[in-house]
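# Chain and residue survey
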Amino acid sequence: MSDKWIYWLEELGKEDNERVGRKCANLGEITKAGLPVPKGFCLSVGAYGMFMELTGAAEEIARLLETHKPAADDVNGIRTLSRAMRHAVESKPLPPEMADTVLSYYSQLCDQACTLDVAVSTRSAGAVSHPGQYETYLNVKGKDDLLDKVRKVWASTFNERSLAFCINKGLTLGNEPIGVAVLTMVQARSAGIAFSADPNTGDTSKIIIEANWGLGESVVSGELMPDRWVIDKETLEVRERTLGRKDKATVCLDCGIEDAEISPEKACSFCLSDEELKEIAKLANKLEAHFGLPQDIEWAVAEDKPFPNIVLLQTRAVVISKQAPVDQVLDLMVGLLAFK
């Protein structure tokens, strides 16, 4: 267990994608660039493999795959296999040396926050981005809860969505190692996503921001219609604003989270000020300039911090679902040239 497998964010950069997963590598990159990111650390992709081998989980899963071979349309078979594979991971404690190391990093986060059990999030980080496929746990508190949620993030590589995806794509099951990001929780008054180019049209003159009260999970999950703004990328002025249908928000419990109803006054109010919108847009422009590509960003407004209190939780390249007309023409031209 001599190879390094756990890193502070500031030790990482985008070149570490294969080592710790894209989410962790990008968070390290923007931490080093001086942008606002929660304090935290990352378990490498190698840590996943080490846990699987040292605990015997890898061998147990290999045996399961010898006897369970569900077809792509076998929903019950996929569900049964998923439960068995997840149990093989979640039922095994971390080897003592791994657990001690993770907890020593957590203790340092607690010391920095001047508390015994600082709340953190545990987020999956694959080398290849699979948005929404693996699982994230928020408001994780205490040593036992942290170790449990790290295992659950690893086990989420065997959730039903992941298995169905692999079977449909003809990929090998049981071979999708991921990193884990452990980040200090932001006490979010509002949170959401931002795109430094319109993800539907590819229009690079706009920044799109969507948000709700509380944590950003209600926005990321797509379960409600958030507030939405279209920002002019050059002037940072608001071009359009649309009030969402926000009857609920994701909020923290003592430990964990829940979706709670919000007051009628909040439901009828925009959850961001123009000053905050401009700050988010500035960060979106900085990230796009840094990475050289339009970015898909998750952020939160820290309720316990003075303005500018925008904190970045993730950034990755925007996936444009519909190309702009000029790009469609270019693709058509390339296609025609290919047949000559």
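Owing to the predicted nature of the structure, the values given are computational and were not obtained by experimental measurement.

Below, the discussion takes up helix H2 (residues 22-32). The buried fraction of H2 amounts to 8 of the 11 residues, a majority that puts the element mostly inside the structure. Listed as buried for H2 are Lys23, Cys24, Ala25, Asn26, Leu27, Gly28, Glu29 and Ile30. Turning to H2, the residues buried within the fold contact helix H1 (17-20), strand S2 (40-43), strand S3 (120-125), strand S5 (179-184), helix H11 (274-291) and strand S13 (310-317). Of the residues trailing H2, Gly34 is marked for its positive phi of about 85°.

In total, this model carries 0 disulfides according to the counting rule given. A disulfide-free cysteine, Cys24 has its sulfur positioned 3.4 Å from the sulfur of Cys42, the nearest such atom. Its relative accessible area of 0% is what places Cys24 among the buried residues. We note that Cys110 lacks a disulfide partner, and the nearest cysteine sulfur, in Cys114, lies 10 Å from it. Taking the relative accessible area as the measure of exposure, Cys110 reaches 5% and is therefore buried.

What follows concerns the sheet that holds strand S4 (residues 137-140). Read from one edge of the open sheet, 5 strands run S1-S2-S5-S3-S4, paired in antiparallel fashion. Every other strand in the sheet has two partners, leaving strand S1 (6-8) and S4 as the edge strands with one partner each. Taken over all neighbouring pairs, the strand axes of this sheet differ in orientation by 20° on average, direction set aside. Sheet topology places S2 next to S5; 4 bridges connect them, and they run antiparallel.

So, on to the nonpolar core. Phe41, Leu43, Val102, Leu146 and Trp154 are the most contacted members of the largest nonpolar core, which totals 47 residues. Considering every element that reaches this core, the biggest residue donor is helix H6 (residues 96-113), with 8 residues. Discounting chain neighbours no more than four positions away, the residues touching Phe41 are Ile6, Tyr7, Trp8, Leu9, Val102, Tyr105, Tyr106, Leu109, Val180, Ala181 and Val182. In this structure, Ile207, Leu283, Ile297 and Ile310 belong to the second largest nonpolar core, which totals 39 residues.

Reading guide: rules and limits
Residues numbered from 1 in each chain as written. Predicted model: local features only at pLDDT ≥ 70, side-chain atom pairs only at ≥ 80, totals over all residues. Heavy atoms only, no water. Buried < 20%, exposed > 50% of the residue type's maximum accessible area, 1.4 Å probe, protein only. Helix = DSSP H or I, 4+ residues; strand = E, 2+ residues; numbered from the N terminus. Contact = heavy atoms within 4.5 Å. Disulfide = S-S within 2.5 Å. Pairing = 2+ DSSP bridges. Axes fitted to C-alpha atoms, helices over the stretch in contact; angles between N-to-C directions. Core = buried A, V, L, I, M, F, W, Y, C linked by side-chain atoms within 4.5 Å.

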